[in-house]
Every structure is written in structure tokens, then in C-alpha cells.
Amino acid sequence: MDSDNTRELLVEAANRAANYIEGLRVRDVRPLRGSVERLMGVLDGPLPDNPSRPTDVLALLDDYGSPATVASAGGRYFGFVTGGALPVTVAAQYLAAGWDQNCFSFISSPAVACIESTALRWVKEALGLPASAEGSLVTGASMANFTCLAAARNWILQQHGWDVDRQGLFGAPALTVVLGEEAHASIYKVLSMLGLGRDRILRVPSDDQGRMRPELLPPIEGPAIVCIQAGNVNSGAFDPASDVIEWARRCNAWVHVDGAFGLWALASPVQASRASGFVGADSWAMDAHKWLNTPYDGAMAICRDAEALSLAMNSDAAYLTAAKDAQKNLTMEFSRRARGIPIWAALRTLGREGVASLVDRHCAQARRIADGLREAGYEIVNRVVLNQVLVRAGSDEETVAIREAAQASGEVWFGPTVWQGRPAFRISVSSWRTTEEDVDRLIALLRRLKKGQAQ
């Protein structure tokens, strides 16, 4: 392919992407009827013997792939705390893909190293985290939790005379992990991968909003890690960070924060008081592709002790000599894309005021949804303190039926959940594209569905 054809192909890709994005306002949120079957029919074949024209391949992706997507980038998608990517972040990611950099260090890409370092610094400034803390850019909150907890495991055991890097875990001192019973499932997955086990965890009972009850924290001795949650994925509630951290300090335990979306409350002067206690922790994990509204995938793992993070993730490959703060020495990856570029673009575009405004607007929209659905006869299960609305519609059967009908309508999408043993559905307001009109449309649809069930 010559340079002229490359330009033509990239321009066509940009036009097709723009057409897709512009159509989000009017298309169904679910995949269009019959689109998945048509896509599978096109894909159901052997690897072609002969080359294809790149423009034909692009057209195939768009013509058959685009209709089969879920319109999660649009304003009427209320599932999974999913942000809709800001246009500048899509464009920045597009440009970064053109750069085609392997971003493991300054040596491999000076531009990306400088921009990503700035993005991490700005995240710390926006959230009020320690400037001296070290950070890495990873795929999502699961890998951010993994990265932070690997640093926690190694550091805590080092304080008790055990070097995990040299000695592994065989014969290591028993390490206690303390979680709230409403901890996210990804934490359990991470602890399993780190060799700490799922069944050895001490689970602290939670209150009716999913917050850890600090008066029930267990007595512990020896090496310990405590995981607390900033923003319960169902209720939006925050664990009582100040109380838990004070207790953990007396036990010489490492405190890690799973703050996938809730830590962004710190960016808002209006909401920050809910999360201010979490600043006293030892490590923090958060997503950018949730509330910061960048494309997938992008997240941050930040540790107060920079040395703890670099020691857990550092590599000794002589041919890859780089500074300790090179991303290859702060993450699991050697080969990695420039995922910090969209994060920088979002922060540069929004500024401190823009990030705060985004958080505040979504919290206000969530409260308005809760008020509207309560008036329509729904039970709002949670105290709406953030951007999450947890809803039931009377009986369990009615709740499930209404959720399925809403999904099938194509007007909106939100997902199922189970809260305290019973079905519910969770409405998350996370996209910059969600307008007041979208909120009205959601409330009106659910009001109609509730009346239909009653009849």
C-alpha cells in the first residue's frame, strides 16, 4: 500500500467512525434487529486464500459490524458505569494508533513517555493524591488492582523479612487480606492470581448500602492488606475510609482503594467530601474509560510508595535498560500501546472545572432519575449519593420483566443485578452524551412499562 492509499483509507475510516458516532442519537441502543445474524453469516467462513482490498475490509467491518454493536457510546446507555468517549479522546487515540509506538519507556517513545507522565501527574492533581506517588497506566481497574496489590503483597512481606521476588510465596509468612463483603468480584480474581487465595480472606459485614462496617473489623496480627471501596458498583456508596485507615495503621497494614469510578468524586468540590478519607490510603486503582469518558481501555494504578511499585514490577532485561519510572518497570507489560494519550487529551480538554462539572451533572441526573422513578411507583433501593440508581419494581418477577422489556425496546439499556439476594436493575449515569432529554426518555419509558405491568 502506497502513501496515497494509506491516506485514503484513514480518511475513510475517520468518516465511517464519524457517521457511526453521529447516528448514536437516533439508533437503537441494542444491536439492530438481525444485525448479529448477518455479521455471523459474513464471518462464517475459512481464512481467505487471496488478499482483499483494504477499503473492502473496512467497508465490511462498518457495514456488518457497526449495526451489531451496542450503542454504549451514546447518551441512552446506562449500563456497567460505562462512559461515552469524548470526541477528542477518540481522535487522540486515532492519532496515537498512527504513531504506532511501543511505549515501554522514554527510549522507545520520548513523546508518549512525556505525555503519559503528564497525564498521571494531572490525575493526581485532580484527585488530590500525593504528588510523590508513582503511577502506571494499565488496561482497566482489574489490572490496576492487580498492580497495586502485587506491590502491597511484596512490600508487606518485605517488612516481615520475606523477599517475594527471590523466595516466591512458598513458606512465606501468612498474609491476611481484609475485604468488605460487598467488594467487587475483580478483587477476588486478583487475589487468586496473586496467590493469596479466595477462601482465606476475612470478610467484614456491610450495611444496607454495601459499606464496610468498621466496628466489625476483626483483630489481626502479622502482615496484612486491607481493601476498601470508593463507589460500590450497585449503590455508589463509599466505605468509611477514615475509620478503616485509622484501624489499619494501628495494625501496620497496607490499605488499597478499589476506586474504579467513585474516586473521581474527589475531582468535584461538591462531591469530594464523600471520598476525602481515601486520600490517606497506600494505593489507588481507577478507570479512565468510566467517568473520565476516554475510549477503552485505560486505567491508573497509583502507589504512595514509589519504590514499592517499581520493585514489584521492575524488570532486569539488560537490552531494555530504562529509568525506574519507565512504564515497563511499573506495569506487567513490555509491549504496550499509548493508552495514556486519550487520558491526557480528556484532561487537557476538560480542565479541572470540566471534570468537576461532568461528575456533578451525572450525580444530579441520577438524583432526578431516582425522583422520577419513585414517583412512578418504583422502589429506589439505595441512597443516591453518586451516579448509581438501584431499582426494583415491586415483585422480583416484575423487576425482571420490566428490565427485559426496556432492553428489548431499544430506547435505553441498563443491566441486571442482584442486591441482598433479590433481583434489581442498576442505572448508571456515566456518559458525557447523556442529556436531560435522555433522562426524560428513560423515566417516561419506565413509567409506561410500570403501568403496563400493573394492567
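**Overview of the layout of surface pockets**
Any empty space left between atoms is shown by rolling a water-sized probe over those atoms.
And step 1. Of the voids in this model, the largest pocket is the one considered here, and its volume is about 680 Å³.
And step 2. Along the wall of the largest pocket there are 25 residues; nearest its centre are A17, Y20, I21, A73 and V90.
And step 3. Breaking the lining of the largest pocket down by element, the ones donating at least two residues are α1 (3-22), α3 (54-65) and α4 (87-99).
And step 4. Element by element, the count of residues in the lining of the largest pocket is highest for α1, at 5 residues.
And step 5. Across the lining of the largest pocket, the residue classes break down as 13 nonpolar, 9 polar and 3 charged.
And step 6. Here the second largest pocket defines a volume of roughly 330 Å³.
And step 7. At the level of elements, α5 (110-127) and β1 (134-138) are the ones that each hand at least two residues to the lining of the second largest pocket.
And step 8. The element that contributes the greatest number of residues to the lining of the second largest pocket is α5, accounting for 7 residues.

**Quick notes on the pairing of strand β4 (residues 224-229)**
And step 1. Across the 6 residues that make up β4, a large majority, 6, are buried.
And step 2. Across 5 bridges, β4 lies against strand β5 (residues 254-258) in parallel orientation. Residue I228 lies in a different strand from β5, and its bridge partner there is V257.
And step 3. Following the backbone out of β4, through helix α9 (residues 241-250) and into the adjacent parallel β5, one traces a crossover that is right-handed.

**Section: the nonpolar core**
And step 1. One finds I228, W264, M286 and M300 to be the most contacted residues of the largest nonpolar core, which totals 52 residues.
And step 2. Those elements that place two or more of their residues in this core are α5, β4, α9, β5, β6 (283-287), β7 (299-303) and α11 (340-375).
And step 3. The element best represented in this core is α11, accounting for 6 residues.
And step 4. For M286, the residues in contact, after removing those within four places along its chain, are V123, L127, L129, A144, G259, A260, L263, W264, A299, M300 and I302.

**A word on the pattern of salt bridges**
When the charged atoms of two side chains with opposite charge come close together, those side chains can pair.
And step 1. Within this structure, the stated rule accounts for 26 salt bridges.
And step 2. Via salt bridges that share partners, E12, R16, D62 and D63 belong to a single interconnected network.

**Describing empty space enclosed by the protein**
And step 1. Tallying each qualifying case throughout the model produces 1 cavity of 30 Å³ or more.
And step 2. Approximately 80 Å³ is the volume found for the largest cavity.
And step 3. Along the wall of the largest cavity there are 15 residues; nearest its centre are A183, C227, I228, Q229 and D239.
And step 4. Sorting the residues of the lining of the largest cavity by element identifies β2 (176-180) and β4 as the ones contributing at least two each.
And step 5. Among the elements that line the lining of the largest cavity, the one with the most residues is β4, at 3 residues.
And step 6. When the residues that make up the lining of the largest cavity are grouped by side-chain class, the tally is 6 nonpolar, 5 polar and 4 charged.

Here is what the cut-offs are and how they apply
Residues numbered from 1 in each chain as written. Predicted model: local features only at pLDDT ≥ 70, side-chain atom pairs only at ≥ 80, totals over all residues. Heavy atoms only, no water. 1 Å grid on protein atoms, 1.4 Å probe; cavity = no way out; pocket = protein on both sides within 12 Å on 5 of 7 lines; lining within 4 Å. Points joined across faces, edges and corners; volume = space filled by probe spheres on them. Helix = DSSP H or I, 4+ residues; strand = E, 2+ residues; numbered from the N terminus. Nonpolar A, V, L, I, M, F, W, Y, C, P; charged D, E, K, R; others polar. Buried < 20%, exposed > 50% of the residue type's maximum accessible area, 1.4 Å probe, protein only. Pairing = 2+ DSSP bridges. Right-handed = clockwise from strand over helix to strand, strands pointing away. Core = buried A, V, L, I, M, F, W, Y, C linked by side-chain atoms within 4.5 Å. Contact = heavy atoms within 4.5 Å. Salt bridge = Lys/Arg side-chain N within 4 Å of Asp/Glu carboxyl O.

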